[in-house]
Amino acid sequence: MTADIEHAGGGIIANSSAIFTVRTDVAAVLAAWRAGKSACTLRAYADDLADYAAWCGQQPVAAATAQLLACEVGMAHRLALGYLDACRTRGLAAATCARRMAALRSLTHAARLIGVITWTLELPSQKVVAYRDTRGPGRAGFLRLVAAADQQREPKRARDLAILWLCYGRALRRAEVCSLSFPEHVDLAGERIQVLGKHRSQREWLTIPPASCRALVAWLAHRGDAPGPVFFRLDRAASAALDRRPLTGESVYQLLAALSRVAGLSRVRPHGLRHAAITEVLDVTRGDFRTAQRFGRLAKADTLQFYDDNREDLGGGAARLIAP
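Residues numbered from 1 in each chain as written. Predicted model: local features only at pLDDT ≥ 70, side-chain atom pairs only at ≥ 80, totals over all residues. Heavy atoms only, no water.

### A look at the state of the cysteines
Then comes step 1: Applying the stated rule across the entire model yields zero disulfides.
Then comes step 2: As a non-bridged cysteine, Cys56 has Cys71 as the owner of its nearest cysteine sulfur, 9.1 Å distant.
Then comes step 3: Of all cysteine sulfurs, the one in Cys87 lies closest to Cys97, which takes part in no disulfide; the gap is 5.1 Å. (Disulfide = S-S within 2.5 Å.)

Structural data, given as structure tokens:
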């Protein structure tokens, strides 16, 4: 992570005539910034800071950070607001703009905590409408993905089926799937796995349904009992037993994209399987929010309102009542 942060880009701020004197302990700031954040958050924020550095003129992120923190509070806000405007001008999604501002706020907050600066960025927050489409491919679409994966040769068939059944059968996020290690995170006798959930600092054991368990057992029979990541690459570069690099979130994304094409579906995202699973639970439980919240490990039950509204299409039903 340090290398990702300190060696991204290069250059200077092209649209500013100010000359900044670097007086900050950037290494200490970045260390404080990384503390307590999950690997997923760090990866996302590192990409955001790299983009900010590129906007500043393709300079290393560490230098862009030092330059920002050396500013007076007014100039720092002018830079941040200029970057926000540039992000919007590029047509980036509202959620992306919001996260990039959050990355800058987080960075200045860490710097203030360790006494490097006395201010933090107070940036306007843009309202983000989350869960715009929570239906995913639906159960029928999921089964078409399973059929597509079932046509593949072993061991890719077994691996991809296990990933599909974990993403759907227990509504796992792709990062949760990729972080599984054998044998410490797998308990076949108890039909459970140990995952590191979103915003969690410790792993928790989750019971997996029979179909997911069978798929996992079938994959492990091909994988073998060597310690290491449960899911790894199967290309030629990773064929050696000592070169079992774990799948990345991007790999899972591309895996599903390929299966979607074979299944004749619009591209299914990993999170789409999670959406489909939670929506299916709402269907079979007749809208039991408590059960669906536990199943999806959602922090707020209110989130399920988006799922339920999309499932029932209440607005569309009301429209048909008044304009049949």
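### Regarding the side chain of Arg159
Then comes step 1: Within the element layout of this structure, Arg159 appears in helix H8 (residues 156-169).
Then comes step 2: The contacts of Arg159, once residues within four sequence positions are left out, are Trp219, Phe231, Phe232, Arg233, Leu234, Leu247 and Leu255. (Helix = DSSP H or I, 4+ residues; strand = E, 2+ residues; numbered from the N terminus. Contact = heavy atoms within 4.5 Å.)

### Considering the pattern of salt bridges
Two side chains with opposite charge may pair up if their charged atoms get near one another.
Then comes step 1: This structure, assessed with the given rule, holds twelve salt bridges.
Then comes step 2: Across the salt bridge formed by Asp48 and Arg100, the nearest N and O atoms sit 3.1 Å from each other. Placement of Asp48 in helix H3 (residues 39-55) and of Arg100 in helix H6 (residues 94-113) is noted, with a sequence separation of 52 residues between them. Pair check on accessibility: Asp48 and Arg100 agree, each one buried.
Then comes step 3: Arg90 is paired through a salt bridge with Asp51; the nearest N and O atoms lie 3.1 Å apart. Here Arg90 is found in the loop between helix H5 (73-89) and H6, whereas its partner Asp51 is found in helix H3, with 39 residues between them in sequence.
Then comes step 4: When its relative accessible area of 45% is taken as the criterion, Arg90 is described as partly exposed.
Then comes step 5: Asp51 sits in the buried class, given a relative accessible area of 16%. (Salt bridge = Lys/Arg side-chain N within 4 Å of Asp/Glu carboxyl O. Buried < 20%, exposed > 50% of the residue type's maximum accessible area, 1.4 Å probe, protein only.)

### Digging into the pairing of strand S5 (residues 192-195)
Then comes step 1: Pairing of strand S4 (residues 186-187) with S5 involves two bridges; the strand directions are antiparallel. Bridging from a neighbouring strand, Val186 pairs with Ile193 of S5.
Then comes step 2: Bridge count for S5 against strand S6 (residues 204-207) is four bridges, and the pairing is antiparallel. Across the sheet, Val195 pairs through a bridge with Glu204, a residue of S6. (Pairing = 2+ DSSP bridges.)

### Concerning the confidence of the model for the chain
Then comes step 1: On average, the chain scores 83 in pLDDT, and the residues at 70 or more come to 81%.
Then comes step 2: Confidence, expressed as mean pLDDT per element, reaches its minimum in the chain at strand S1 (residues 9-11) with 36 and its maximum at H8 with 97.
Then comes step 3: For residues 1-24, every residue scores under 50 in pLDDT, and the model assigns this stretch 52 contacts once sequence neighbours within four places are set aside. (pLDDT = per-residue confidence, 0-100.)

### As for the nonpolar core
Then comes step 1: Residues Leu145, Leu164, Leu216, Trp219, Val230 and Phe231 are the most contacted members of the largest nonpolar core, which totals 52 residues.
Then comes step 2: Among residues more than four places away in sequence, those in contact with Leu164 are Phe142, Leu145, Val146, Ala149, Gly169, Leu256, Leu259 and Leu273.
Then comes step 3: Of all hydrophobic cores here, the second largest spans 35 residues; its members include Val61, Ala66, Ala103 and Leu121. (Core = buried A, V, L, I, M, F, W, Y, C linked by side-chain atoms within 4.5 Å.)

### Quick look at the packing of aromatic side chains
For any pair of aromatic rings, geometry is given as the distance between the ring centres together with the angle between the planes.
Then comes step 1: Tallied over the full model, the rule gives eight aromatic pairs.
Then comes step 2: Centre to centre, the rings of Trp55 and Tyr83 are 5.6 Å apart; their planes meet at 50°, and the pair counts as tilted. With Trp55 in helix H3 and Tyr83 in helix H5, this residue pair connects regions lying 28 residues apart in the sequence.
Then comes step 3: Between Trp219 and Phe232, the ring centres sit 5.5 Å apart and the planes meet at 55°, which makes this aromatic pair tilted. Here Phe232 lies in the loop between strand S7 (228-229) and helix H11 (249-263) and Trp219 lies in helix H10 (residues 210-223), a separation of 13 residues in the sequence. Of the two residues, Trp219 and Phe232, neither departs from the other in class, the shared state being buried.
Then comes step 4: Here a set of aromatic residues connected by ring pairs shows up, and it is made of Tyr52, Trp55 and Tyr83.
Then comes step 5: A cation over an aromatic ring shows up here: Arg192 above the ring of Trp205, its NZ or CZ 4.1 Å from the ring centre. (Phe/Tyr/Trp six-rings, centres within 6.5 Å; stacked < 30°, edge-to-face > 60°. Lys NZ or Arg CZ within 6 Å of the ring centre and 35° of its normal.)

### Here we look at H8
Then comes step 1: Relative to the 20 Å expected for 14 residues at 1.5 Å per residue, H8 spans 19 Å between its end C-alpha atoms, a close match to the ideal helical length.
Then comes step 2: Among the 14 residues of H8, twelve are classified as buried, and the element is accordingly described as predominantly covered.
Then comes step 3: Listed in full, the buried residues belonging to H8 are Ala158, Arg159, Asp160, Leu161, Ala162, Ile163, Leu164, Trp165, Leu166, Cys167, Tyr168 and Gly169.
Then comes step 4: Positioned one or two residues after H8, Ala171 has a phi angle of 55°, which is positive. (Expected span 1.5 Å × (residues − 1).)

### A closer look at the sheet that holds S6
Strands belonging to one sheet form pairs held by backbone hydrogen bonds; the direction of such a pair is parallel or antiparallel.
Then comes step 1: An order of S4-S5-S6 is seen for the three strands of this open sheet, with the pairing classed as antiparallel. Looking at which strands have only one partner, the edges of the open sheet turn out to be S4 and S6.

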